[in-house]
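# Results of the structural survey
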Amino acid sequence: MSEQGANGGARPHPRLSVVIPIYNEEAILQAAVVDLREQLLEFGWPFEIILAENGSRDGTVALARVLGEKYPEVQSFSMGEPNYGGALKEGILRARGEFVVCDEIDLCLMDFYRRALEILEHGEADLVIGSKTLAGASDERGAYRHAATMLFNGLLRVTLGFKGTDTHGIKAFRRVALLDVVRACLVDKDVFASELVIRAERSGVRIREIPVRILEKRPPSINLIKRVPNVLKNVAKLFVAIRVRG
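Report on the accompanying structure. Keep in mind that this is a model prediction, so the values were computed, not measured.

This next bit is on the overall build of the chain. Across its full length, the chain holds 8 helices and 10 strands. Over its C-alpha trace the chain gives a radius of gyration of 17 Å, about what one expects of a compact globule, namely 18 Å for 246 residues. Within the chain, contacts between residues at least 6 apart in sequence are counted, and of these 81% link residues at least 24 apart. Accessible surface for the chain amounts to roughly 11,000 Å². Of this, 54% is attributable to carbon and sulfur atoms.

Listed below in structure tokens is the structure:
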């Protein structure tokens, strides 16, 4: 597993870490990172952006390296194989900030950052989840993807007793409150984010859901239909991990 730091020097300790798994994102990576960095500078906090590359076949790895060399707040590492959940988990474990935001390169919802970080700063919760299905949310993806989210959440409720409205997508948390939960997660790929939320829920972590508006910058990088068999297989693994192994 390789890592590229900014200019090879010591980085200031961040208060905020943003972890973003990336896969075949050459087309939008530079513009998205530059825009995110400029908006984070307005917060006035020291921050880091961790690009968790996993198995890209285009120029994503090289471009992430260039961004890390240009901007001291940006760093990247490569998993070497497509594994969204594995990349997200590794990125969280590498994060150094007091607060961590897990984001998507085609989202970067600053309104969520502001609301979620205010909740965390005031000690009102330890994990804030941006829900696409909560009252007041606006999911502007295609109807099939919205329906898939609803079906997946229903599956998690039936099989694992999930009590919330969403597990995938953008979330923010106090790092020290979630590290043990992250380390306890056993399943990666498509359902790591779900295991993280469900384990946090079962561990008594204080969780707050807030509605978000989802408008993606590009079509999904992986076909929805092709993901279904792997998702079902990994949900079965998640059931064993939580219900059987605990």
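Resuming the write-up.
Counting buried positions along strand β2 (residues 16-22) gives 7 out of 7 residues, so the element sits mostly inside the fold. Covered by surrounding structure in β2 are Leu16, Val18, Ile20 and Ile22 together with Ser17, Val19 and Pro21, the residues of both alternating faces. Two elements, β2 and strand β3 (residues 47-53), share 7 bridges in a ladder whose sense is parallel. When the sheet's bridge partners are listed, Ile20 is paired in β3 with Leu51. After leaving β2, the chain enters helix α1 (residues 29-41) and then returns to the sheet as β3, a path that is right-handed. By the bridge criterion, 4 bridges tie β2 to strand β5 (residues 99-102) in an arrangement that is parallel. Bridging from a neighbouring strand, Val18 pairs with Val101 of β5.

On to α1, then. When the terminal C-alpha atoms of α1 are compared, their 18 Å separation across 13 residues agrees well with the 18 Å that a helix rising 1.5 Å per residue should span. Buried residues of α1: Leu29, Ala32, Val33, Leu36, Arg37 and Leu40, and no others. Angularly, the buried residues of α1 cover 125 degrees about the axis, an arc narrow enough to put them on a single face. Turning to α1, the residues buried within the fold contact β2, β3, α2 (60-70), β4 (74-78) and α4 (110-121).

Rules used throughout
- Each chain carries its own residue numbering, running from 1 in the written order of its sequence.
- Selection of residues for local features in this predicted model requires a pLDDT of at least 70, selection of side-chain atom pairs for listing and counting requires 80 or more, and totals for whole chains, interfaces and linings are taken over all residues.
- Side-chain numbers come from the whole structure's heavy atoms, not from hydrogens or water.
- Only runs of H or I of at least four residues qualify as helices and only runs of E of at least two qualify as strands under DSSP, and these elements are numbered from the N terminus.
- What the globule rule says is 2.2 Å times the number of residues to the power 0.38, and the radius of gyration is computed from C-alpha atoms.
- Whether two residues touch is decided by their heavy atoms; if any such pair falls within 4.5 Å, the residues are in contact.
- Using a 1.4 Å probe, accessible areas were evaluated by the Shrake-Rupley method; residue-level cover was limited to the displayed protein chains.
- Exposed residues in this analysis have more than 50% of their type's maximum accessible area, buried residues have under 20%, and partly exposed residues fall in between, with area computed by a 1.4 Å probe over protein chains only.
- Paired strands, as defined in this entry, are two strands with at least two bridges between them according to DSSP.
- If you view a crossover with the strands going away from you and the path from the first strand over the helix to the second runs clockwise, you call it right-handed.
- To estimate how far a helix should extend, the number of its residues minus one is multiplied by 1.5 Å.
- The arc refers to the directions leading from the helix axis to the C-beta atoms.

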